[in-house]
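Residue-level listing of the chains:
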Amino acid sequence: MNDEVEKNGRACRPWWRNCVEEADSEILVIDKMEDAIVPLGEQITKIRGLITGLESCYHEADKEAERIVRAIGSGRYPPESNERPPQRKKELEDCHRILSRWCEDTAVKDIDSEFGDISAEKLLSYIGEASPLKVWQVERIVDKVRAALDPSRPYHMMVLDLGDYGEPGARPVGEHYKDAAEFLQQTRETIIHDTVDGQEAMISLAMAIDMLTPCNWDFAGSIVTLLKAIGGGLHPERPYACHSRNLKLSPLCGRLRTISNTLGVFWREEETDESIDRDIFAFLGEATEVKRWLAASLDKTIRLQLEAPSDFWLGFS
């Protein structure tokens, strides 16, 4: 794909901003499919927007992809809810409750709560002996989780400004923490050594907290990794996952590939040796040029996200 990008050298349309910046030959083909059906109606435009909003690292990415498939088949934008899935909301609330209680009283022993299947006692044990620095670092995790629960209380980045899709910004940040400059510096200098797609990698504790994503497939595992790092465990057995970092470890990848394969059969109108889902195919209904374009867009989006190179994350520390 990289060779194709170099050959074509064309910036992608905004539809593709959750995937790549430059178009390969297949994207150009899909864009021509769009050109053949413009102007797009309101419903079709909104469905294509759902595809642009799809993130394969989302903990319900498979369900979201299926929801989009149904929308493509019906030609109608589906109803949306701003509520988080109940189980994830509970995890966030439990995490916030346990960690904030510890920050208030590091000697606390009676938190009758669990985070996922981890008891509060075990979760807090990862931090080790309390210190002012550790409290400050755990408070940053609490801030991140609280921001997910209450958007009116935003989290303040420690390392970089970030764009909508996790891309690094142009200027350093940290002004919010000027009264804790030493703690901020120590957190930036604490390095977690793990792997990305099997390759040795590093990420600073500050960056890892900044990049913590409450909607990620491995949110619970990420919290454990962060707390262990705060406790001095800087070589985690479980690689840190955030955004697309270590996406290939997600248990949803297989299902997403099956959905992608099925979409490929539909829009290319040709068979494949790869596994497909006949129910997904049935949801799409009779092929039309609009459906083929939308199916191609979703198929390509999933593949680009699942196959994204890991080089970016190897130097993102």
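The sections below set out a description of the structure shown in this document. (Residues numbered from 1 in each chain as written. Predicted model: local features only at pLDDT ≥ 70, side-chain atom pairs only at ≥ 80, totals over all residues. Heavy atoms only, no water.)

## Brief notes about the environment of K122
Inference 1: By the secondary structure assignment, K122 is in helix 6 (residues 120–125).
Inference 2: It is 17 Å that separates the C-alpha atoms of K122 and E237, two residues lying 115 residues apart in sequence. (Helix = DSSP H or I, 4+ residues; strand = E, 2+ residues; numbered from the N terminus.)

## A look at helix 4 (residues 61–74)
Inference 1: The first and last C-alpha atoms of helix 4 sit 20 Å apart over 14 residues, in line with the 20 Å expected at 1.5 Å per residue.
Inference 2: Regarding helix 4, the residues found buried are A61, D62, E64, A65, I68, V69, A71, I72 and G73.
Inference 3: Summarising the contacts, the buried residues of helix 4 are in contact with helix 3 (42–53), helix 11 (253–268), helix 12 (278–284) and helix 13 (289–306).
Inference 4: Where helix 4 ends, the next residue or the one after it, G75, has phi of about 75 degrees, a positive value. (Expected span 1.5 Å × (residues − 1). Buried < 20%, exposed > 50% of the residue type's maximum accessible area, 1.4 Å probe, protein only. Contact = heavy atoms within 4.5 Å.)

## Remarks on the nonpolar core
Inference 1: Counting 51 residues, the largest nonpolar core has L99, L123, V138, I141, M158, I223 and L227 as its most contacted members.
Inference 2: At the level of secondary structure, the elements contributing two or more residues to this core comprise helix 5 (86–104), helix 6, helix 7 (132–149), strand 7 (191–196), strand 8 (199–204), helix 9 (205–210) and helix 10 (219–230).
Inference 3: When residues in this core are grouped by element, the largest group, eight residues, is from helix 7.
Inference 4: For L227, the contacting residues outside a window of four places in its chain are L99, L123, Y126, I127, V138 and I141. (Core = buried A, V, L, I, M, F, W, Y, C linked by side-chain atoms within 4.5 Å.)

## Quick word on the environment of E121
Inference 1: On the secondary structure map, E121 appears in helix 6.
Inference 2: Linking E121 and H243, residues 122 residues apart in sequence, is a C-alpha distance of 28 Å.

## Some points on the side chain of T262
Inference 1: Residue placement: T262 occurs in helix 11.
Inference 2: Overall, T262 belongs to the buried group, its relative accessible area being 0%.
Inference 3: Here the side chain of T262 touches D277 through a polar contact of 2.8 Å, landing on its backbone nitrogen.
Inference 4: Not counting residues up to four positions away in its chain, the partners in contact with T262 are I276, D277, I280 and F281. (Polar contact = N/O pair within 3.5 Å; in protein donor to acceptor, adjacent residues only side chain to side chain.)

## Some points on the packing of helix 4 against helix 11
Inference 1: Look at helix 4 against helix 11: their axes get within 9 Å of each other, and the N-to-C directions meet at 20 degrees. The angle between helix 4 and helix 11 falls in the class roughly parallel. Where helix 4 crosses over helix 11, the handedness of that crossing is left-handed. Only R255, L256, I259 and L263 of helix 11 make contact with helix 4, whose side of the interface consists of A61, D62, A65, E66 and V69.
Inference 2: In terms of residue class, the contact of helix 4 with helix 11 is built from six nonpolar, no polar and three charged. (Axes fitted to C-alpha atoms, helices over the stretch in contact; angles between N-to-C directions. Parallel < 35°, antiparallel > 145°, perpendicular 65-115°, else oblique. Left-handed = near helix turned anticlockwise from the far one by under 90°. Nonpolar A, V, L, I, M, F, W, Y, C, P; charged D, E, K, R; others polar.)

## What to know about the pattern of salt bridges
One side chain can pair with another of opposite charge once the charged atoms of both are near each other.
Inference 1: As enumerated under the stated definition, the model contains 28 salt bridges in all.
Inference 2: The partner of K90 in a salt bridge is D94, and the shortest N-O contact between them spans 2.8 Å. Taken together, the residues K90 and D94, both in helix 5 and four residues apart, mark about one turn of the helix.
Inference 3: Overall, K90 belongs to the partly exposed group, its relative accessible area being 44%.
Inference 4: A salt bridge links R245 to D194; its shortest N-O distance comes to 2.8 Å. (Salt bridge = Lys/Arg side-chain N within 4 Å of Asp/Glu carboxyl O.)

## Details of the side chain of T187
Inference 1: Tracing the backbone shows T187 in helix 8 (residues 181–189).
Inference 2: T187 gets classed as buried once you look at its relative accessible area, which sits at 0%.
Inference 3: Not counting the four nearest positions on each side in its chain, T187 is found in contact with L133, W136, Q137, M158, S204, L205 and A206.

## Examining helix 13
Inference 1: Between its first and last C-alpha, helix 13 extends 26 Å over 18 residues, near the 26 Å set by a 1.5 Å rise per residue.
Inference 2: With 16 of 18 residues buried, helix 13 is to be regarded as a mostly interior element.

Read these as geometric descriptors, not functional statements.
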